[in-house]
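Fold and geometry: a report
In case you want the letters, here they are:
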Amino acid sequence: TVVLEISREFGEAFSRGDVLMTLDDERFRLRRNRAGAQVAAASKAYNVNSELFDKDSASMLEVEEARAALGVANAEYAMAEKDMESCVITAPFDGRVNRVLVNEYETVQEGQQLLDVVDDSVLRVKTLLPSRAFRSVSVGMEVRIRVNEIDAEVVGSVSHISATMDPASSTFEIYAEVDNAEGTLRSGMTGTLSLPMLEQ
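Residues numbered from 1 in each chain as written. Predicted model: local features only at pLDDT ≥ 70, side-chain atom pairs only at ≥ 80, totals over all residues. Heavy atoms only, no water.

**A short note on the environment of A40**
Along the chain, A40 falls in helix α1 (residues 26-54). Among the residues examined, A40 registers a relative accessible area of 48% and is labelled partly exposed. Separated by 31 residues in sequence, A40 and G71 have C-alpha atoms that sit 12 Å apart. (Helix = DSSP H or I, 4+ residues; strand = E, 2+ residues; numbered from the N terminus. Buried < 20%, exposed > 50% of the residue type's maximum accessible area, 1.4 Å probe, protein only.)

**Considering the pattern of salt bridges**
Taken as a whole, this structure holds 10 salt bridges when the rule is applied. Here E81 ties to R32 by a salt bridge, and the two come within 3.4 Å at their closest N and O atoms. Note that E81 is positioned in helix α2 (residues 60-85) and R32 in helix α1, a separation of 49 residues in sequence. Looking at R32, the relative accessible area reads 18%, which means it is buried. Linking E153 and R144 is a salt bridge whose minimum nitrogen-to-oxygen distance equals 3.8 Å. What makes E153 partly exposed here is its relative accessible area of 44%. Accessibility expressed as a relative area gives 27% for R144, which makes it partly exposed. (Salt bridge = Lys/Arg side-chain N within 4 Å of Asp/Glu carboxyl O.)

These results come straight from atomic positions and should not be treated as a statement about function.
The following block contains the structure:
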């Protein structure tokens, strides 16, 4: 199918439910219309066979075959409807476009990646701490991070603590989450994390 419109470009923010890209649904629309006609025909055949069965003019096998044909037709219609709906690509969460991998009017294939999007409302900071801090760190503890790229300090909280320690370096890993609702930070930025017990 063909890309008709790219609604969000590289670096642009979006909200959940916003349209990010629209594909040509003509092929799927034709398939849905054809499936709709098959549903109507199968439904009529099932009704006729049911009436004939009631009059002892059709067998139970014929009724069941008609019922099965109707089920197949309904399934194909539902699949065609879903394919049509998938031609309007909406945002699954609030975030930002990291990469646009196709161009408008380009023909794309089923399963091909079209966009790379990120949820940057909350960013995760990963760092290593010396082993002496292991007993002092707890989930929920506030941390301060001096972000190099914007030369500013932000506040976060510890979200994960490694259950193991690296014996070679005498360090362990922690994650901290930082609120980025205002969008001032970007994934991949670097900085220095501060903890009160390490400053003593």
